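Secondary and tertiary structure notes
Below are the chains, spelled out letter by letter.
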Amino acid sequence: MSSWLGGLGSGLGQSLGQVGGSLASLTGQISNFTKDMLMEGTEEVEAELPDSRTKEIEAIHAILRSENERLKKLCTDLEEKHEASEIQIKQQSTSYRNQLQQKEVEISHLKARQIALQDQLLKLQSAAQSVPSGAGVPATTASSSFAYGISHHPSAFHDDDMDFGDIISSQQEINRLSNEVSRLESEVGHWRHIAQTSKAQGTHNSDQSEICKLQNIIKELKQNRSQEIDDHQHEMSVLQNAHQQKLTEISRRHREELSDYEERIEELENLLQQGGSGVIETDLSKIYEMQKTIQVLQTEKVESTKKVEELEDKIKDINKKLSSAENDRDILRREQEQLNVEKRQIMEECENLKLECSKLQPSAVKQSDTMTEKERILAQSASVEEVFRLQQALSDAENEIMRLSSLNQEKLQMSLLKLNNEYEVIKSTATRDISLNSELHDLRLNLEAKEQELNESISEKETLIAEIEELDRQNQEATKHMILIKDQLSKQQNEGDSIISKLKQDLNDEKNRVHQLEDDKMDITKELDVQKEKLIQSEVALNDLHLTKQKLEDKVENLVDQLNKSQESNVSIQKENLELKEHIRQNEEELSRIRNELTQSLNQDSNSNFKDTLLKEREAEVRNLKQNLSELEQLNENLKKVAFDVKMENEKLVLACEDVRHQLEESLAGNNQLSLEKNTIVETLKMEKGEIEAELCWAKKRLLEEANKYEKTIEELSNARNLNTSALQLEHEHLIKLHQKKDMEIAELKKNIEQMDTDHKETKDVLSSSLEEQKQLTQLINEKEIFIEKLKERSSKLQEELDKYSQALRKNEILRQTIEEKDRSLGSMKEENNHLQEELERLREQQSRTAPVADPKTLDSVTELASEVSQLNTIKEHLEEEIKHHQKIIEDQNQSKMQLLQSLQEQKKEMDEFRYQHEQMNATHTQLFLEKDEEIKSLQKTIEQIKTQLHEERQDIQTDNSDIFQETKVQSLNIENGSEKHDLSKAETERLVKGIKERELEIKLLNEKNISLTKQIDQLSKDEVGKLTQIIQQKDLEIQALHARISSTSYTQDVVYLQQQLQAYAMEREKVFAVLNEKTRENSHLKTEYHKMMDIVAAKEAALIKLQDENKKLSTRFESSGQDMFRETIQNLSRIIREKDIEIDALSQKCQTLLAVLQTSSTGNEAGGVNSNQFEELLQERDKLKQQVKKMEEWKQQVMTTVQNMQHESAQLQEELHQLQAQVLVDSDNNSKLQVDYTGLIQSYEQNETKLKNFGQELAQVQHSIGQLCNTKDLLLGKLDIISPQLSSASLLIPQSAESLRASKSDVSTESSELLQQELEELRKSLQEKDATIRTLQENNHRLSDSIAATSELERKEHEQTDSEIKQLKEKQDVLQKLLKEKDLLIKAKSDQLLSSNENFTNKVNENELLRQAVTNLKERILILEMDIGKLKGENEKIVETSRGKETEYQALQETNMKFSMMLREKEFECHSMKEKALAFEQLLKEKEQGKTGELNQLLNAVKSMQEKTVVFQQERDQVMLALKQKQMENTALQNEVQRLRDKEFRSNQELERLRNHLLESEDSYTREALAAEDRETKLRKKVTVLEEKLVSSSNAMENASHQASVQVESLQEQLNVVSKQRDETVLQLSVSQEQVKQYALSLANLQMVLEHFQQEEKAMYSAELEKQKQLIAEWKKKAENLEGKVISLQERLDEANAALDSASRLTEQLDVKEEQIEELKKQNELRQEMLDDVQKKLMNLANSSEGKVDKVLMRNLFIGHFHTPKNQRHEVLRLMGSILGVRREEMEQLFHDDQGGVTRWMTGWLGGGSKSVPNTPLRPNQQSVLNSSFSELFVKFLETESHPSIPPPKLSVHDMKPLDSPGRRKRDTNAPESFKDTAESRSGRRTDVNPFLAPRSAAVPLINPAGLGPGGPGHLLLKPISDVLPTFTPLPALPDNSAGVVLKDLLKQ
C-alpha cells in the first residue's frame, strides 16, 4: 500500500509539476508575444522599450517571490510537521489503547469461560456422585460455545489493522513529501545565490531573459509541488478523522447487534425449554405423525438448501462481475459459504436428533398404555398445546424476521418464504393430528382388549420406565444442545444475509453510478463540440510550446555557462535602468501628445466626412494597440495579484514564524515525553508480537496434528461407510467440514501474521522518522538562535567601533587644523628669520665699514637683536619638538585611518547591498508605474470599445445586441475594478522594504546552508526536465492522434474516441473541482486564521489583565517580604541578646559562688590550693568573656551593615516595581486605544461594504437603463432606415412622373401638371421636415453616447474612490495589527522577566532543600525497590507452585470427565438397544394380532445384528473420540504452560525495562546531584580553607594561652609552697582580691546596662526608620495612583476626542462626496428621462403619421405596369388594381362595360375622387405586348386568389420587417463616403426595405442598370424599347409548371 501510494503521489506531483511548467512557459511566450506586438504596433507612437529592463523587473519580482515562498514553506512545513506529529501520536495512542482494551476484554471473557467450565466440572462431579450416568453433555456444550467464541473474536481487528496500515503508509508519504520540500528549498537557495552573484558583475547578454524564464518555471513547479503536499496533508488529516469516526460507529453497531442477539437467544431458549417439557407427554400416533412432518420438513429443507445454493450461484455471478472493484469482499463471501455449509451440517444433525427422538418415543407408548381415558384426553390437549407452542415460536420467528427485514429485506424474503412453508406444513400436520386422534381412539379401544396379554410384559415395562426417565432427561439435554446450535446457526445465517444485503446494496450503488456516468457522457458529448474548437486553438499553442520546450532543454544544459556570463551583465542593466526611466517619461509625453491628436482628429471627423478613411486606419491601429494593451494588462494584473499575495503572505509568515517558534519550543518538550512513552509502547508491542507469533506457531502445529488425526478418523469411518449407518456418515461429513474450517482459519491466521509484521515494520519506520525529524528541528532551532545572537553581537560591536572611529576622525580633523595653523605660523616665522638674518648681515657690513669705536646706540641695537635671535632660536626648538610630536600623532592617526578605511570599506559593501535592495524597490515602483499607464490605456480602450459597440448597434437592429453590450460593459467595468484593486501594492511595498531589510540577515545565514544542497538539486532538476520532455512528447503523440481522428471521415471511430476523450475530460473536470475545493478550503483556512487572530487578541488582553493582577500581588509580596526580612533580622538580634543575658546571669552566679568559696577557704588552711585554682579559672573565664564581648560587638557591626544593604536593595526593588507598573499601565492604555481603533475600523469597513453594495445596485440600474436606451435607439434607427428609403423613392418618383407626363402630352391636360407640381412642393416640405427629424435624432444619439461615456467615467471614479478608501482601511488595519503584535511581544518579554526573577528568587532558596530531599528519597527508593524485588520473587514462586497444582487438578478433572463421557455413551447405547427391543415387542404384538409371527422373528434377528454392529461401531467411535479429546487436553495443557511462561517472561521483561528506566533516571539524577555536589564541594573546600586558616590562628592563640597557663600553674605551685609560711600576706591579698571582685561585679553590671541601652537604641532606630519608610511608600503610592488615574482619564478623553474628530471628518467627507455623486446621478437620470420622453413622443408621432397612408410605390408600379401591358390585357391589370384596392368584381365589370376608352370618366374619377382605387392611366398607343399571355394570366389569378377577401391587405409594421439589405452591405456603405452613398441610394433605390410582397421588380431583378453614374446608360434585362427613366412592372417569363405559390416564394427569396 505504502509503495503504491508513494508511486501515485510521485506521479501526481510530476504530472502537476509538468502542467505548471507548461503553463509558465505559455505565459512567458504570451508575455513575449504581447511585448513584440506592442513594439511593432507603437513604432510611430513611442520608442522601443529595452528588453533588459523588463527582464530585470521580472528577475527582481521572481527573487522577491522566491524569498516569500521560502519563508511560507518554512512556516507551513513546521506547522504541518507539528500537526502531523500530534495527529500521529493521538491516533497511535488511541489505536494502542483500543487494542489493549480489546485484549483485556478478551482475557476477561476467557477467564469467565474458564470459571464457567470449572463450575460445570464441579457440577458434573456432583452429578456423577449422585447419578452415575447423567453428565457429559454440558461439557460438550460449553466446549462448543467456547470454541465458537474463540473463532468469533479474531476477525474483530481485521479492518482496524488494514486502516492502521493505511495510516502508516500515508505517514510515509508525508515524510517523502517533506523530504521533497526540503530539496526544493535548497534548490531555491541555489538559484537565489546565483542571482545574487550575477548582480555583483555584469555584461550585456540577451540570455538573461531565458534564465529568468527558467527560474520562474522552476519556482512555479516548486509552488505546485508545495501546494500538492499541502493538499495531500489536508486530505490525510480528513481521512484520518473519517476513519476514526467510522471505527467508532462500527464498534457501536457491533455491540448493539451483539446485545440484541443475546436477548433473542435467551428468549428462544426459554421458548424451547417450555416446548421441550411437553415432549414426554406425547402419544404414539402423534409421534408417528411428527415423524411424517419431520420427513416433509426435511424434503422442504432440501428444497430450501437448493434454493439457497441457486441464490449463492447468482451472488457468485454478481461477484464475478464486481470482482475488479470488490477484491476485499471475497473473504466475506467465503465466510458466507462456510456458514451455509455449517447450516447444512446442523440441518443434518437436526435430522439425526429427530431420528433419535423417533427411536426414543416408542418407549413412551408403554407408559401411555397404563393411562386411563382421561389421561388420553389430556394427552390430546397436550398435543394441541404443543402445536400452539410451535405456532407461537414460529410467529416469534416471523416477528424477528420482520424486525431484521429493515436491515436486509432482499435476502430475508427467501427465508420468510421457507419459514412460511414450514409453518403451513406444521399447520397441515396439526390438522392431520386431529384426524389421527380419532383413529387413536379406536386403536386405544383395541388396546384395552389386549391389556390382559400385556400384563405379562408390565414387569419388564417397570424395569424399563426408570431407564426411559433417564433417557428423557438425556433427551431434554440433547434438545437444549440442539437449540443452542440452532441459535448459533441462525446468528451465522443472519450475518451471511447481512453480507449478501451489503453486496446487493453495493451492486445498486454501482448501477446508480453507471447511470450517472451515462448521464455525464451525454452532457460531455454536448461539451465535446465546444472543446473540439478549443482543441484546434490549443494545437497551435501546443506547437509553440513544443518549440519552446526544445529550446528550454538546450538552455538548461547551457545554464551554468550562461550564469557565469550573466554575472557581468548586471552593471549594464543598472545603467539601462536610468535610460529606461527617461524612455518611459518620453513615452508618456508622446502618449499624451498622441491622445490629444487622436481626440482632435476625432472631433474633426465628426465635422468632416472626408477624413473617414484616415480615421478608420487609425482606429484599426488603435484596436491593435488596445489588443496588445489588454494582453499586457492581463499579464500585469496577474503579476500584481502575485505580488500582492506574496506581500500579504510575507507579513503573515513573519508573524507565523514567531508563533511557530514558541509552539516548537513547547512541542519539543511534549515530544520528548511522548517519545519516551512511544518507546515503552513499542517495547510492549514487540513483546505482544512475539507472544502472538509463538501462539500462531503453536496453533499451526496443533492444527496440523488435528488434521492428521482427522485424516485417520476419516479413513476409519470410510471403512465403516460400507455398512449403511446414517449416524457415521453424518459424523464423517462433520469432520471433513471441521477440517475445511480449520484450513480457512489457518489461512486467515497467516494473513494476520503478515499484516502484523508489515504493521510492526511501518510503526518502526514512522517512529524512527519522527525522532529524526524532531532532532533535526531542534538542531535547526538551536543553530538559528545561535546565529541570531552572533549577528546581534556583531552589530553591537560594529556600532561601537563606528562610534570610536567617528570620535577618532573628529580628533584627527582638529589636529589637522592645528597642524595647518602651526605650519602657517612656521612659514611666517621663517620669513621673519630670513629678514632678520639679512638685517644682521647688513649691520655686520656696516660695523666692518664703520670705525672700531662704536656708537652706544648701535651696541644697544646689537644686544637687542642678539637677545631676539636667542629667543627665536628657543622658539624654533620648541616648534621643532612640537612638529615631531605632531608627526607621531599623524602616524598614529594614519594607522587609525587605515583601520577606519577598512571598516569604511566593509560599511560600503553593506551600503552597496542596501543600494542594490533600494534599486530593486525602485524597479518595482517603475513596474507599478508601467502598470498604471497600462491601466490608463485599458480604460481608453474600454471607452473606444463602447463607441464601436454603439456604431455596431446602430447598424444591427436586433434587440439581443443590447444585452451583449450590457455584458461587455459589465466585463470592462469588472476589468477596471480588477485593475484598480491592485493599487494596494504601492503602499505595501514600502512596508515590505523594511521587513525585507530586517530579514536579509537571516536570509544570508540560510543561504550559506542552502549552497551545500545546490549540487543535489542540479541533478534532480535535470532528471525532472527529462521527465517533463518525455511527458510532453507523449502529449504530442496524443494530440497528433486527435488530429488524425478529427480529420478522418469515419464518424463511428470518432464517437469511440470521443467517448474516451469524454472520460479524460471528466477526470480533468474532477481535478478542476478538486482544485476549486482546495481554494475554498484555503479560503476557509484564511477565515479561521482571521478568527484565530481575533481570539489571540482577546487572549492577549486577558493575559494583560492577569499580568497587572500579578504585578500588584508581587508588589505587595515585595513589600511584605522586605518587612519580613526586617522582622527576621530584629528577631535574630533580640534572640542573640537574650542568649547573652542568660550567659551574663550564669557568670554572675559563678562569681557569687566563687566569693562564697573564697570566704570559706579563708577559714581553713587545708583547702587553700583549691581556692587558688578556682581563682585562676575565674580569671581565665573573665578573659574569655572579654573576647566574646569583642566578637559580639564586631558581629553587631556586621549585622548593621547587612541591614543597611538590605534597605538599599529593597529601595531599588521598589523602584523597579514602580517602573514595571508604569510600563504595564502604558501597555494597557495602548491596548485599549488599539481596541477602540480596531472597532472603529471594523465599523467603517462594514459601512464601506454596504456603500459598495449600494453602488453596485445603482450601477446595475444605470446599466439596465442604458440597455433600454440602446433598445429604443435601435428601434428609432430601424424606423429611420425605413423612412429614408421611402423619402428617396418619393424623390425619385417626382422626376420620373414628370418625364412620363411630358411623354404623354397628347393624352394629359394641363390641370394634371399643376396638381403634380402642388404634390411635388408638398413632398419637398415633408422631405425637409424628415431631414430635420433625422438631424435631431443624430444629435440625440451623440448626446446618448457622450452621456454613456460620462457615466462610465463617473462610475470608474467612484470605484477608484472606494478602492482608495479600502486601501487606507487595510493599511490602518495592518499598522494596528503590527502594533498589537509588538505590544504582545513586549508584554511577553516583561512577563518572562518577572517570572524569571521570581523563579531565581525561589530557586536559590529551594536548591539546598531539594538536593537533601533527593538524596534521602533516592536512598529510600533503593531500599523500597530491593524490598519489592524480594516480594515479587516470592510471589512468583508461590504463583508457580499454585499454577502447577491447578494444572494437575485440571488434568485429573479432564480424565474423570472423559471417563464419565464414556460411561454416558455406553448408557446411551444400552438405552438405544432397550428402545429397539421395545419397538420389536410392539411389532410382535401387532403381528400376533395379525398372525405374522415368522416375520417378527426375522425382524428381531435383523435388529439384533444391527444392534451388535452399531455397538461395535459406537465403541470404536468412542475410543477415537477419547483419544482425540486426550490429545486436545494435552495440547491445551501445553498451551497453558506456554502462555504462563510467556506471561512470566513478559512480566520479567517489563520489570527489567522498568528497572532499567529507573536506573537511567537514578543515574541522571545522580549525575546531576554529583555535579551539584562537586560545585558544593568546591565552595565548601574554599570555606574549609578559610576556616582552616582561622583554626590555625586560633590554635596558635590557644597554644600561647596554654603555655602561659602552664607557666602560671608552675608559679602558683611555688606560691602555694610559700603561702603556708606567709598567711599574713594572704589575708592582705584576700582583702585586695575582695575589692577587685567588687570592681568586677560593678563592671559586669555596667556592661549589662550598656547592652540593654544598645538594644533599646537599636529598637528605637529600626522602628523609626521603618515608620518613615512606610509613610514615604504610602505617599508615593498615593501620588502614583492619582497621577495614573489622571493620565488614564486624559488619554481616554484624548482618544475619544481624536476618534470623534476623525470619524466626523471622514463622515463629512464621505457625505459630501456621496451627495455630489447623488446629485450628478440625479441630473443624469433627469436628462435621460427627458431624452426618453422626447424619443417616445417622436415615435408616437411617427406611428400616427405612418398609419393611414397609401403605399405609393405599389400604386406607381401598378400604374406603370398598366401602360406597359398590351391593350388586349390591360383590363386584367385594372382588375388586379381593383382587387388590391378592394373593388368588387361586379363593380369592375360595370366599369369595363361603361369604359369606352374615354379619358373624361377617368379624369372625373381622378378629380371628383369618386373611386377609392388608384387612378389607372391610359395606355400609350405605340406600346406592344412582348411577353406571353400565359404568365400574365397566371399572375393575375394568383393575385386574385391572394387578394380575394374584400378586406384590404394588412399593413406590415416596421418592427416585424427585417431589412433585406445584409449587414455586410450596410457596413460597406458606411465605409464608403456619404456623397457616393447618397447617389447610390438615389439611383438603386432604398425603397426595397419596405415590404417584400409589394416590392418593385427592380429590387429582385434590376431592370435598369444600377451603375447609373457611368455613361453607359440604362440597360434593361427584358424589354429594350422602354424608356430610360421609367421603371416597368414587367413580370418574369415563368414556366407553365410554376404555380403562384412558387412565384411568391421566388419573390420572398429575392
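Cut-offs and rules
- Residues numbered from 1 in each chain as written.
- Predicted model: local features only at pLDDT ≥ 70, side-chain atom pairs only at ≥ 80, totals over all residues.
- Heavy atoms only, no water.
- Helix = DSSP H or I, 4+ residues; strand = E, 2+ residues; numbered from the N terminus.
- Contact = heavy atoms within 4.5 Å.
- Areas by Shrake-Rupley, 256 points an atom, 1.4 Å probe, with all protein chains shown as cover.
- Patch = residues over 30% accessible without salt bridge, like charges linked within 9 Å, V, L, I, M, F, W, Y side chains within 5 Å.
- Salt bridge = Lys/Arg side-chain N within 4 Å of Asp/Glu carboxyl O.
- Lys, Arg positive; Asp, Glu negative; His and termini not counted.
- Charge placed at Lys NZ, Arg CZ, Asp CG, Glu CD.
- Buried < 20%, exposed > 50% of the residue type's maximum accessible area, 1.4 Å probe, protein only.
- Phe/Tyr/Trp six-rings, centres within 6.5 Å; stacked < 30°, edge-to-face > 60°.
- Axes fitted to C-alpha atoms, helices over the stretch in contact; angles between N-to-C directions.
- Parallel < 35°, antiparallel > 145°, perpendicular 65-115°, else oblique.
- Nonpolar A, V, L, I, M, F, W, Y, C, P; charged D, E, K, R; others polar.
- Expected span 1.5 Å × (residues − 1).
- pLDDT = per-residue confidence, 0-100.

1. A closer look at the overall build of the protein chain
- A tally of regular secondary structure across the protein chain gives 32 helices and 0 strands.
- The contacts in the protein chain between residues at least 6 apart in sequence include a share of 89% that link residues at least 24 apart.
- Within the structure as shown, the protein chain displays about 123000 Å² of accessible surface, and the carbon and sulfur contribution to it stands at 55%.

2. Some remarks on a positive patch on the surface
- Together, Arg1412, Arg1576, Lys1579, Lys1582 and Lys1583 give the surface a local cluster of positive charge.
- A total of 4 residues in the positive patch trace back to one element, the largest contributor, which is helix 22 (residues 1493-1619).
- As for its placement among the helices and strands, Arg1576 is situated in helix 22.
- Look at Arg1576 and you get partly exposed, because its relative accessible area is 32%.

3. Describing the pattern of salt bridges
- Scanning the model with the defined rule gives 34 salt bridges in all.
- We note a salt bridge from Glu56 to Arg53, for which the minimum N-O separation is 4.0 Å. Of this pair, Glu56 and Arg53 both sit in helix 2 (residues 51-130), 3 residues apart, which is roughly one turn of that helix.
- The class of Glu56 is buried, set by a relative accessible area of 11%.
- With a relative accessible area of 2%, Arg53 lands in the buried category.
- One salt bridge in this structure joins Glu1139 and Arg1135, with 4.0 Å as the shortest N-O distance.

4. Points about the packing of aromatic side chains
- Under the definition given, this model contains 2 aromatic pairs.
- A ring pair is formed by Phe1759 and Phe1763, whose centres lie 4.9 Å apart and whose planes are at 80°; its orientation type is edge-to-face. With Phe1759 and Phe1763 both in helix 24 (residues 1752-1764), this residue pair falls 4 residues apart, about one helical turn.
- For Phe1759, a relative accessible area of 26% corresponds to the partly exposed category.
- With 6.3 Å between their ring centres and 50° between their planes, Phe1835 and Phe1838 make a pair best called tilted. With Phe1835 and Phe1838 both in helix 28 (residues 1829-1842), this residue pair falls 3 residues apart, about one helical turn. Each member of the pair, Phe1835 together with Phe1838, is buried.

5. A closer look at the packing of helix 6 (residues 284-321) against helix 7 (residues 330-360)
- Running from N to C, helix 6 and helix 7 point in directions that differ by 175°, and their axes come no closer than 11 Å. Between helix 6 and helix 7, the interaxial angle falls into the category roughly antiparallel. Here Gln291, Ile294, Gln298, Lys301, Thr305, Val308, Glu309, Glu312, Ile315, Lys316 and Asn319 of helix 6 come into contact with helix 7, specifically with Arg333, Gln336, Glu337, Asn340, Lys343, Arg344, Met347, Glu351, Lys354 and Ser358.
- Residues belonging to the contact of helix 6 with helix 7 are distributed by class as follows: 4 nonpolar, 7 polar and 10 charged.

6. Quick word on a negative patch on the surface
- Side chains of Glu1709, Asp1712, Glu1715, Glu1716, Glu1719 and Glu1720 sit close together on the surface and give a patch of like negative charge.
- Its place among the elements puts Glu1709 in helix 23 (residues 1623-1747).

7. Thoughts on the side chain of Ser52
- Checked against the element boundaries, Ser52 lands in helix 2.
- Not counting residues up to four positions away in its chain, the partners in contact with Ser52 are Ile573 and Glu576.

8. With respect to helix 24
- A rise of 1.5 Å per residue sets the reference length of helix 24, with its 13 residues, at 18 Å; its end C-alpha atoms lie 18 Å apart and thus fit the reference within 8%.
- Most of helix 24 sits inside the fold, with 11 of its 13 residues counted as buried.
- Among the residues of helix 24, those classed as buried are Val1753, Leu1754, Met1755, Arg1756, Asn1757, Leu1758, Ile1760, Gly1761, His1762, Phe1763 and His1764.

9. Examining the environment of Phe1763
- For Phe1763, a relative accessible area of 15% translates into the label buried.
- Separated by 10 residues in sequence, Phe1763 and Val1773 have C-alpha atoms that sit 9.5 Å apart.

10. Re the confidence of the model for the protein chain
- The predicted model of the protein chain averages 79 in pLDDT, with 78% of residues at 70 or higher.
- Here helix 3 (residues 137-152) stands out as the least confident element of the protein chain, with mean pLDDT 40; helix 23 is the most confident, with 92.

11. Description of a nonpolar patch on the surface
- Side chains of Met898, Leu901 and Leu904 sit close together on the surface and give an oily, nonpolar patch of about 280 Å² of accessible area.
- As for its position among the elements, Leu901 is in helix 16 (residues 856-955).
- The exposure class of Leu901 is partly exposed, given its relative accessible area of 45%.

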